[in-house]
Amino acid sequence: SFDGTWQEIALRICQARANFDRRRQAPNNPIGQKRTARIFDATPSLALHRFAAAVHSLVPPRNATWQKVKSSNEKLNESIAVQRYFDEVTKILFAARYAANFDNQVQECYADLGAFNTMVLFIGDTGREILYKAIPLWQCYFAENQDGVVDMMSREYNFTARQAVAEFGPDVLPQAIRTAAERTP
């Protein structure tokens, strides 16, 4: 597991992500403890922020179309009407992406990329808009196939009682969770 290495990196350059030891919370390492004791210089943290900003400005530049929608059928792509349709869909997609929380979440992902050499971006649909969420690596477990390629990711995280009711509905949850959601929303 990379947890130990990632925890050491996080403690030195991005303390907000230093939760890889969550299963080993000991009395001498309580939750909420100040975590800046291992920072000797701000240079690595500043470099990480600059790296994330540079990647963010180069990879998905807000002022350029960096992705286009097209058909998997090349014959269709030759049609001017189809090209115009997909150009319009591309504009709608970009407008929806940037109206949502894409910018700040992908920026957080690029910080993870610079610190840990990997990142996880969840893309979902709230029913009203696209939802982007940078998932902390300490919540993730990766599995590889026979070729050493990651083909599965699992996520471990907690819901409050209110969040569980909103996600799954009250009918499928135990009475204790429904009561907790009503008492302490």
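The preceding data block contains the structure.
Residues numbered from 1 in each chain as written. Predicted model: local features only at pLDDT ≥ 70, side-chain atom pairs only at ≥ 80, totals over all residues. Heavy atoms only, no water.

**Focus on the overall build of the protein chain**
As a reminder, the rule being used: Only DSSP runs of H or I covering at least 4 residues are called helices, and only runs of E covering at least 2 are called strands; the numbering of each starts at the N terminus. Throughout, the radius of gyration refers to the C-alpha atoms, and the reference size of a globule is 2.2 Å times the residue count to the power 0.38. Relative accessibility decides the category of a residue: with a 1.4 Å probe and only protein chains considered, values under 20% of the type maximum give buried, values over 50% give exposed, and everything between is partly exposed. By definition in these notes, contact holds between two residues if any of their heavy atoms fall within 4.5 Å. Per-residue and other accessible areas were derived by the Shrake-Rupley procedure at a 1.4 Å probe size, with only the shown protein chains allowed to occlude residues. Positive charges come from Lys and Arg, negative ones from Asp and Glu, while His and the chain ends are left out of the count. Where a charge lies is defined by one atom per residue type, namely NZ (Lys), CZ (Arg), CG (Asp) and CD (Glu).
Summing up its helical and strand segments, the protein chain has seven helices and four strands in all. Element order for the protein chain, N to C, with α for helix and β for strand: α-α-α-α-α-β-β-β-β-α-α. The C-alpha atoms of the protein chain give 21 Å as radius of gyration, which overshoots the globular expectation for 185 residues (16 Å, by more than 25%). In terms of overall dimensions, the protein chain has a C-alpha envelope of 65 × 50 × 40 Å along the principal axes. Buried residues in the protein chain amount to 28% of all 185 residues. Look at the contacts in the protein chain between residues 6 or more apart in sequence, and 47% of them connect residues 24 or more apart. Surface summary for the protein chain: the accessible area is close to 12700 Å², and the carbon and sulfur share equals 56%. Positive and negative charge centroids in the protein chain, built from 22 and 20 side chains respectively, lie 5 Å apart.

**Topic: the environment of Val-59**
With respect to the helices and strands, Val-59 occurs in the loop between α2 (43-58) and α3 (74-77). Those residues in contact with Val-59, other than ones at most four positions away along the chain, are Trp-66 and Tyr-110.

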